[in-house]
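Structural features, examined
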Amino acid sequence: MISEKSDKQPSLCPIHDFLTENAQRHRIRCYMPGHKGVENPLDITEINGADSLYESDFFGSAPGIIAQSEQNASRLFGTVQTLYSCSGSTLAIQTMLALAKQKGGGKDHIIAGRYSHRSFINTCILLGLTPSWVYPQSYLGADISVWDIESKINDRTMAVFINSVDYYGGRSDIKAISELCKKYRIPLLVDNAHGAYLKFTERDRHPITLGADMCADSAHKTLPVLTGGAYLHIGNKKYCENAKETMSLFGTSSPSYLILDSLDRCNKELTEHPNAIKELCQKITVLKCELSAMGHHIAPSDDIRLVLDCRAMNSTGFKAAEILSEFGVECEYADEYKCVLLFGYSTSDEDIKTIREVLKANTPPLFACYSLPPQAEHIRAACGISPAKAFFKMKQRIELNYAVGKVCGTVVAPCPPGVPLIMPGEIISQAAADMLARRGVKYVETVI
Ligand SMILES: Cc1ncc(COP(=O)(O)O)c(C=O)c1O
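What you are looking at is a predicted structure, and each value in this text was computed from that prediction instead of being measured.

On to the layout of surface pockets, then. Looking at the largest pocket, its volume works out to about 370 Å³. Lining the largest pocket are 17 residues, and of these Ser138, Tyr139, Gly141, Tyr168 and Lys338 sit closest to its centre. Taken together, the residues that form the lining of the largest pocket break down as seven nonpolar, four polar and six charged.

Another point: the domain arrangement of the protein chain. Here the domain parsing of the protein chain yields domain 1 (4-272), domain 2 (276-367) and domain 3 (387-447). Counting from both sides, the interface comprises 19 residues of domain 1 and, opposite them, 21 residues of domain 2. Both faces considered, domain 1 and domain 2 share a buried interface measuring about 1,600 Å² in area, 58% of it formed by carbon and sulfur atoms. In terms of surface lost to domain 2, no three residues of domain 1 exceed Tyr167, Tyr168 and Tyr197, which account for 39% of the buried area on that side. Put simply, domain 1 and domain 2 have zero salt bridges between them. Applying the counting rule to domain 1 against domain 2 returns seven residue pairs in polar contact (both at pLDDT 80 or more). In terms of residue class, the side of domain 1 that touches domain 2 is made up of ten nonpolar, four polar and five charged.

What follows concerns the side chain of Arg114. Mapped onto the secondary structure, Arg114 falls in the loop between strand S2 (109-113) and helix H4 (118-127). Since its relative accessible area comes to 2%, Arg114 is described here as buried. A distance of 3.4 Å separates a polar atom in the side chain of Arg114 from the backbone oxygen of Leu421. Only 2.5 Å separates the side chain of Arg114 from the side chain of Glu426, close enough to count as a polar contact. Once you skip the residues sitting within four places of it in the chain, Arg114 turns out to touch Trp133, Val134, Tyr135, Pro136, Ile379, Leu421, Ile422, Met423 and Glu426.

In the structure shown here, the tally under the stated rule is 13 salt bridges. The salt bridge involving Arg114 is made with Glu426; its shortest N-O contact spans 2.5 Å. One end of the pair, Arg114, is in the loop between S2 and H4; the other, Glu426, is in the loop between strand S11 (395-399) and helix H14 (430-438), and 312 residues separate them in sequence. Glu426 sits in the buried class, given a relative accessible area of 3%. When the shortest N-O distance is used, the salt bridge between Glu290 and Arg356 registers 2.4 Å. Linking Glu290 in helix H10 (residues 276-294) with Arg356 in helix H12 (residues 349-361), this pair joins segments that are 66 residues apart in sequence.

A few words now on the nonpolar core. Ranked by size, the top nonpolar core spans 91 residues in total, and within it Ile110 and Leu223 carry the most contacts. Here this core gets eight residues from one element, more than from any other, and that element is helix H3 (residues 88-102). Those residues in contact with Ile110, other than ones at most four positions away along the chain, are Leu97, Phe120, Cys124, Leu129, Thr130, Pro131, Ser132, Met158, Ala159, Phe161 and Leu189. Among the nonpolar cores identified, the runner-up in size contains 27 residues, and Tyr115, Ile398, Val412 and Val441 belong to it.

A word on the packing of aromatic side chains. Counting across every chain of the model gives ten aromatic pairs. Seen from their ring centres, Tyr84 and Tyr231 are 6.2 Å apart, and the 50° between their planes marks the pair as tilted. Residue Tyr84 is found in strand S1 (residues 81-85), and its partner Tyr231 is found in strand S7 (residues 230-234); the two are separated by 147 residues along the sequence. This pair shows no difference in class: Tyr84 is buried, exactly as Tyr231 is. Measuring from ring centre to ring centre gives 4.2 Å for Phe120 and Phe161, while their planes differ by 20°; the resulting arrangement is stacked. Residue Phe120 is found in helix H4, and its partner Phe161 is found in strand S4 (residues 157-163); the two are separated by 41 residues along the sequence. Aromatic ring contacts, followed pair by pair, group Phe77, Tyr84, Phe200 and Tyr231 into a single cluster.

A separate point is helix H11 (residues 317-326). Taken as a whole, H11 has its buried residues at Gly317, Ala320, Ala321, Ile323 and Leu324. One side of H11 carries all its buried residues, which in axial view fall inside an arc of 160°. Among the structural elements, strand S8 (305-309), strand S9 (333-334), strand S10 (338-342) and H12 are those in contact with the buried residues of H11. Immediately beyond the C-terminal end of H11, within one or two residues, lies Gly328, with a positive phi of roughly 80°.

Turning to the site of the ligand, a few remarks are in order. Surveying the vicinity of the ligand reveals 15 residues, the closest of which are Ser89, Thr90, Asp191, His194 and Ser218. Between the ligand and the protein, one listed contact pairs a nitrogen atom with a side-chain N or O atom of Asp191 at 2.5 Å. Between the ligand and Ser218, the relevant distance is 2.7 Å, taken from an oxygen atom to a side-chain nitrogen or oxygen of the residue. Burial of the ligand by the protein chains amounts to 87% of its free accessible area of 390 Å². Looking at the shell around the ligand element by element, the count peaks at four residues for H3. A breakdown of the residues in the shell around the ligand according to their chemical character gives three nonpolar, ten polar and two charged.

A few words now on the sheet that holds S10. Paired through backbone hydrogen bonds, the strands of a sheet run either parallel or antiparallel to each other. Pairing in this open sheet of three strands is antiparallel, and the strands run S8-S10-S9 from one edge to the other. Sheet topology places S8 and S9 at the edges, where each strand pairs with a single neighbour. Sheet topology note: the S9/S10 ladder contains two bridges and is antiparallel. Note on S10: the bridge partner recorded for Tyr333 is Val340. Contacts from H11 reach S8, S9 and S10 within the one sheet, and its direction differs from that of S10 by about 45°.

Basis of the calculations
Residues numbered from 1 in each chain as written. Predicted model: local features only at pLDDT ≥ 70, side-chain atom pairs only at ≥ 80, totals over all residues. Heavy atoms only, no water. 1 Å grid on protein atoms, 1.4 Å probe; cavity = no way out; pocket = protein on both sides within 12 Å on 5 of 7 lines; lining within 4 Å. Points joined across faces, edges and corners; volume = space filled by probe spheres on them. Nonpolar A, V, L, I, M, F, W, Y, C, P; charged D, E, K, R; others polar. Domains from an automatic or database assignment. Contact = heavy atoms within 4.5 Å. Buried area = accessible area lost by both parts, 1.4 Å probe. Salt bridge = Lys/Arg side-chain N within 4 Å of Asp/Glu carboxyl O. Polar contact = N/O pair within 3.5 Å; in protein donor to acceptor, adjacent residues only side chain to side chain. Helix = DSSP H or I, 4+ residues; strand = E, 2+ residues; numbered from the N terminus. Buried < 20%, exposed > 50% of the residue type's maximum accessible area, 1.4 Å probe, protein only. Core = buried A, V, L, I, M, F, W, Y, C linked by side-chain atoms within 4.5 Å. Phe/Tyr/Trp six-rings, centres within 6.5 Å; stacked < 30°, edge-to-face > 60°. Arc of directions from axis to C-beta. Near = heavy atom within 4 Å. Areas by Shrake-Rupley, 256 points an atom, 1.4 Å probe, with all protein chains shown as cover. Pairing = 2+ DSSP bridges. Axes fitted to C-alpha atoms, helices over the stretch in contact; angles between N-to-C directions.

Pasting the structure below:
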């Protein structure tokens, strides 16, 4: 069903139009959900005219409201096709790996940045894929080199998977990596969970613009969208066929219309305020300069984050986060080294002003620590068996001390950042155990 507004001109938010009209009709709701509109009048399940997320025909002549809205998003992001996800980037990552496998001619190896999110390794377990890790220059970083990727390519390589933007706001050289992938005819898949906003910055740095075949964006992380709202963007039409059906393999059959509504309204917001992200990023750049002038060490990052390099200020990210929290400023992430403040579409000038004032009153000498943790190092664990084999074997939960030399059976990924420190199938080394202990891990599941 086409939104009624489409007779005149296509609606900027067809899902929202439908849901508000539906709510105003005051009918007795003899359909799901059980709250009958009392919890929220816009919340429905699939009803007549509401389209269906995994069946909405993006390319059809009479697209339903979801397909129309997805087309709006696709136009905004400049993609061949954009699919909505109501289960975050996790569902988009599951779908893009499954699509790459379908077109992969039986290949089952995937070259990936070591600091990929747990949703990636979980999907490898589900799909029986074997990752081949590429280590970045920096701890938790996205800065992996094109040469390192090239050296791993072989005739079993199904795809290259990178996580860019990383948790500290670092990026991969997506353009160079995509050129390499094109040379070898391997798809480039990007976990852009933290970078949906990159389409709207001064320079368009979105992965699809830079040549990725597919990418997953968590709209909810940087755009004004409810938690769970995300996009699977497709830049190569080869992957459009079956995309919806493939997503339905992993997703709930009752996707949230409140999340769809939020994704839908975000299109309107971004269309009507095309400079909002640019202006926000400019304000953050000014804030970073002001804080540097006050003596704070600001780590390099993307434009929507402020990352305090606490180690360079003889402190820890935990300490900085604690001080900020005393003043009501809650950061996105802190560890032994850095403190990450993530801004977003709805950050106000007042919020930025408060952060400036708090950090002006708390310059580095005030949060120095006496003993600093050792420098971060990569865990380089040897692979015993494949992640899927390890995961589905019998396992036992044992104290970390006794796990050295054994094969890890599950993903161990303290959250945030949700980045696995050791993967299922890897042999737990002493160095890995020490690192896990520092992260508060006491027990692990090992393969029997
Ligand atoms: C880098 C990265 N990728 C993927 C995900 C999964 O995203 P979502 O929570 O939208 O499913 C996250 C979540 O924090 C993440 O940080």
